[in-house]
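Descriptive structure summary
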Amino acid sequence: MTHATPHPHETDFGTPARTAGELVTLEIDGRRVTVPDGTSVMRAAMEAGITVPKLCATDSLEPFGSCRLCLVEIEGRRGTPASCTTPVAPGMKVATQTPHLAKLRRGVMELYISDHPLDCLTCAANGDCELQDMAGAVGLRNVRYGFDGESHTAAAKDESNPYFSFDPAKCIVCSRCVRACQETQGTFALTIDGRGFASAVSPGAGESFMGSECVSCGACVQACPTATLTEKSVIEHGQPEHSVLTTCAYCGVGCSFKAEMKGTTVVRMTPHKDGGANEGHSCVKGRFAWGYATHKDRVMKPMIRERITDPWREVSWEEAVAHAAERLTAVQAKHGRGSIGGITSSRCTNEEIYVVQKMIRAAFGNNNVDTCARVCHSPTGYGLSQTFGTSAGTQDFKSVAEADVVLVIGANPTDGHPVFASRLKKRLRAGAELIVIDPRRIDLVRSPHVQARHHLQLQPGTNVAVLNAMAHVIVTEGLVNRAFVEERCDVAAFDRWAAFVAEARNAPEAVAERTGVPAGEIRAAARLYATGGNAAIYYGLGVTEHSQGSTTVMAMANLAMATGNIGRDGVGVNPLRGQNNVQGSCDMGSFPHEFSGYRHVSDDGVRALFEEVWGAALDGEPGLRIPNMFDAAIDGSFKGMFVQGEDIAQSDPNTRHVSAALESLEILIVQDLFLNETAAFAHVFFPGTSFLEKDGTFTNAERRINRVRPAMPSQVGWDEWRVACALATAMGYPMSYDHPARIMDEIARLTPTFRGVSFDKLDRLGSVQWPCIDADHPGTPIMHADRFVRGQGRFMITEYIPTDERTTRMYPLILTTGRILSQYNVGAQTRRTANVAWHPEDILEINPHDAEQRGLKDGDLVSLASRMGATTLRAQLSDRMPPGVVYTTFHHPVTGANVVTTENSDWATNCPEYKVTAVQITRSNQPSDWQVERDRQEGERKRVSAAAVSAAE
């Protein structure tokens, strides 16, 4: 698979592949063809290189048989059946090209063309239109019916969606878009309205696309064979002429895309059919929200300044690196070797992350390196390593197709991980049962054709109590898989755990009042999980971002081991990672106590290996975590920080504390695409590269290592890994690579789980899931298949300890936070795209009962206050939240949701407790003090920037 390819159409086999064990041999146009039983005649012909004309058929959807263009003749059968809906049979003899078929197909095409605009030369789909292609394929030369009379060619366009146009005048009512919305996406937003000549595609009940339930995933656009649904970027730029295969830089699903290009301009992003994580599907962010890469706000040149009140001054890369190195060295000389450190980014490539943590350990001479994964999924690493022996999820995403029961806890897949959610919904529609454990009624609880069997709507902070109660039921009712436990687990540890959960205090009846979940619901959910067949757990930040995040992860692992739901398809414990490379940032050694591969820095043998390869003496003592860096900065002992691709001033909890820490630094270096909230405190700014410019790898939530390839040249001149190498070298530790492939070679040399990974292998296979232990190893889709990584699975005691954050008379409500489909993380990328059309501001969801008590109406501005601070945002009355709980997102810096979050964190990993904050809500008509101050600072920054530009001119 080359770096860039011409833009041929991928082969569309017409119907999905079948994988039945029995093979069937038949004859098509005189050729013997052997395919799996259940394969359509159309696909069998296409796999043999015989093209059958088609319009309604595509291999991402089940056959429909409406267009009547794929007719064939079968010896011994009457008529001309549709090849897409006709399965193969042994000995079948098929003719795809006869004079009779040619006549029928031309007649069908005449009917289509007689009701279609003939503007091919000016149509945006010219050169990429299946209707146009099929007219040529069947030899259409005239239309006997003429073009007079009633038609649909004057139908009005729907331009409401910011990313694609809907032109019903060009619709052939093939239903591919409708079926894609149903089968691929699972939203059911589109339908065929009317009958006969009046049939038409309709979003919702005659609404516009923007006003309907459409989630803009692009599946309908992808499926459309004409120009009816067309990307506005294609209308603007024309058809692409080459493509580059790369990986999305949003969530942890890790979708593969073809960046379809015209020169160095991205025309569209098309989900790759062979993508291991997404198999041709996408969401609104990955498919459409890539325009931030060329946004006018991007900083393209390095900048420095002496004080944070000074204007920025553009300089060369060489001057910026030299200045940063000089300042860091001076700080160490004054305050000691441990006075500086850095933070790696979960949005950067494995190679970029690896080089930054290497720079900190080898050039800075300490282990003061941490990652934003600390504030999201560090409890995953701790909890799963303690129980299973490795710090990652157990399955691949395809595995959910074999699940009979799915437990979703603390996650909202339809918003946070929508492509996985589409897989999940497909399995649920096919009959799997769903248990949702979440304070909020997420869409999966009840949406078209999907309804959870149980929704355990618990109080925030009581995950452990609910899971222990489920375990109590499983143990006391004899639902434990004893054979699995005795064969695969530490039996003594199991016995201790079983005795603990069997105690009366862990019974569903004992925890019902505290958790808010009726005992009967907990018992029913536990029985379903234990006895319903293959049971899989999927979880998100609603598990990890708690003071007992690590305990909850271990509690889930206990459930999986006790019921034998580990080590095969359809089961497991699976984190839904928040950012594109959260898994990779952890794998690469971004924590202060671990080298790559999760090996402790105090291990003399491991440290000696790194010292030999890196040629530097390394510290055997763990360094500072992010919260420790902040505290030490305020105390005066930590004075320099390198921040790679993270906006910690917006994303970390207790914003005032973070700001105070950043203001205390003598040198702050930020590397990013935009001047973010953290950059307001920076002295050096290094421009970053977007995913469309990167060359390297991301590792997704299923441990899948995907290639990221540059579709456009670097907009800033230097790759991010080169910047870290140059800074390390300037500080006295020579570090250089001639290509990111060499960085991966070093990672593989030093990291056992990556030992068989190389760019060549990834280019050949498409992707690999670690562990990949040697060059011949294919990777590991399912973990712990025969034995646990640690040997025997270890049951852990998971005592429920209530969070210190409690409601009071002054703060009687609990705030929990989450994400929304159209926005991503702190919004730096998505806010610079048309996605703001769906979510222009953060909203506070509040139960109508709580709103009535406070005299609030829908749309009111309200003050959200905690003991840490206050902010102002708009209220939305919603019964998604139970009384006593409110909810908001954190995508817009103007909201500053983390102004109110506390310093509480997970006991084992310091992951912040974003999900439980005691708050009060009151009516407001003005911004909070924090927002006023932020606006003042933003205005000052703009004034200084404008003055600098004026001076430069």
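Residues numbered from 1 in each chain as written. Predicted model: local features only at pLDDT ≥ 70, side-chain atom pairs only at ≥ 80, totals over all residues. Heavy atoms only, no water.

1. With respect to the overall build of the protein
Across its full length, the protein holds 29 helices and 37 strands. Computed over the C-alpha atoms, the radius of gyration of the protein is 29 Å, within 12% of the 30 Å expected from 2.2 N^0.38 for a compact globule of 953 residues. Taking the principal axes of the C-alpha coordinates as reference, the protein spans close to 90 × 80 × 65 Å. Sorting the 953 residues of the protein into buried and exposed places 63% on the buried side. Of all intrachain contacts in the protein linking residues separated by at least 6 positions in sequence, the fraction that spans at least 24 positions is 73%. Total accessible area on the protein stands at roughly 34400 Å², and carbon and sulfur atoms take up 50% of it. (Helix = DSSP H or I, 4+ residues; strand = E, 2+ residues; numbered from the N terminus. Rg over C-alpha atoms; globule rule 2.2 N^0.38 Å. Buried < 20%, exposed > 50% of the residue type's maximum accessible area, 1.4 Å probe, protein only. Contact = heavy atoms within 4.5 Å. Areas by Shrake-Rupley, 256 points an atom, 1.4 Å probe, with all protein chains shown as cover.)

2. Here we look at empty space enclosed by the protein
Counting across every chain of the model gives eleven cavities of 30 Å³ or more. Its volume calculated, the largest cavity comes out at about 410 Å³. Lining the largest cavity are 30 residues, with Gly410, Ala411, Gly542, Thr817 and Lys915 positioned closest to its centre. When contributions to the lining of the largest cavity are tallied by element, the ones reaching two or more residues are α11 (413–416), α18 (541–544) and β32 (813–818). Take the lining of the largest cavity: its biggest share by element is three residues, from β32. (1 Å grid on protein atoms, 1.4 Å probe; cavity = no way out; pocket = protein on both sides within 12 Å on 5 of 7 lines; lining within 4 Å. Points joined across faces, edges and corners; volume = space filled by probe spheres on them.)

3. Notes on the sheet that holds strand β35 (residues 870–877)
Here six strands make up a closed barrel; going around it, the order is β32-β36-β33-β35-β34-β37 and the pairing mixed. The mean inter-strand angle of the sheet, taken between neighbouring strand axes irrespective of direction, is 45°. Where β32 lies against strand β36 (residues 885–889), five bridges are found, and the strand directions are parallel. Following the sheet pairing, glycine 818 is matched in β36 by threonine 889. (Pairing = 2+ DSSP bridges. Axes fitted to C-alpha atoms, helices over the stretch in contact; angles between N-to-C directions.)

4. Some details on the side chain of lysine 915
With respect to the element layout, lysine 915 can be found in the loop between β36 and β37 (917–923). One polar contact links the side chain of lysine 915 to the main-chain carbonyl oxygen of threonine 817, over a distance of 2.6 Å. Not counting residues up to four positions away in its chain, the partners in contact with lysine 915 are Pro460, Leu541, Gly542, Glu545, His546, Ile814, Leu815, Thr816, Thr817 and Gly818. (Polar contact = N/O pair within 3.5 Å; in protein donor to acceptor, adjacent residues only side chain to side chain.)

5. What to know about the pattern of salt bridges
This structure, assessed with the given rule, holds 48 salt bridges. When the shortest N-O distance is used, the salt bridge between glutamate 260 and arginine 268 registers 2.8 Å. Each member of the pair, glutamate 260 as well as arginine 268, carries the same accessibility label: buried. Three or more residues are tied together by salt bridges with common partners; here these are Asp128, Glu231, Lys258, Glu260, Arg268 and Arg287. (Salt bridge = Lys/Arg side-chain N within 4 Å of Asp/Glu carboxyl O.)

6. Details of the packing of helix α13 (residues 463–476) against helix α17 (residues 519–531)
At their nearest, the axes of α13 and α17 sit 9 Å apart, and the two run at 65° to each other. Of the two possible hands of crossing, α13 and α17 adopt the one that is right-handed. Facing α13, whose interface residues are Val466, Ala469, Met470, His472, Val473 and Ile474, α17 presents Ile522, Arg523, Ala525, Ala526, Arg527, Tyr529 and Ala530. (Left-handed = near helix turned anticlockwise from the far one by under 90°.)

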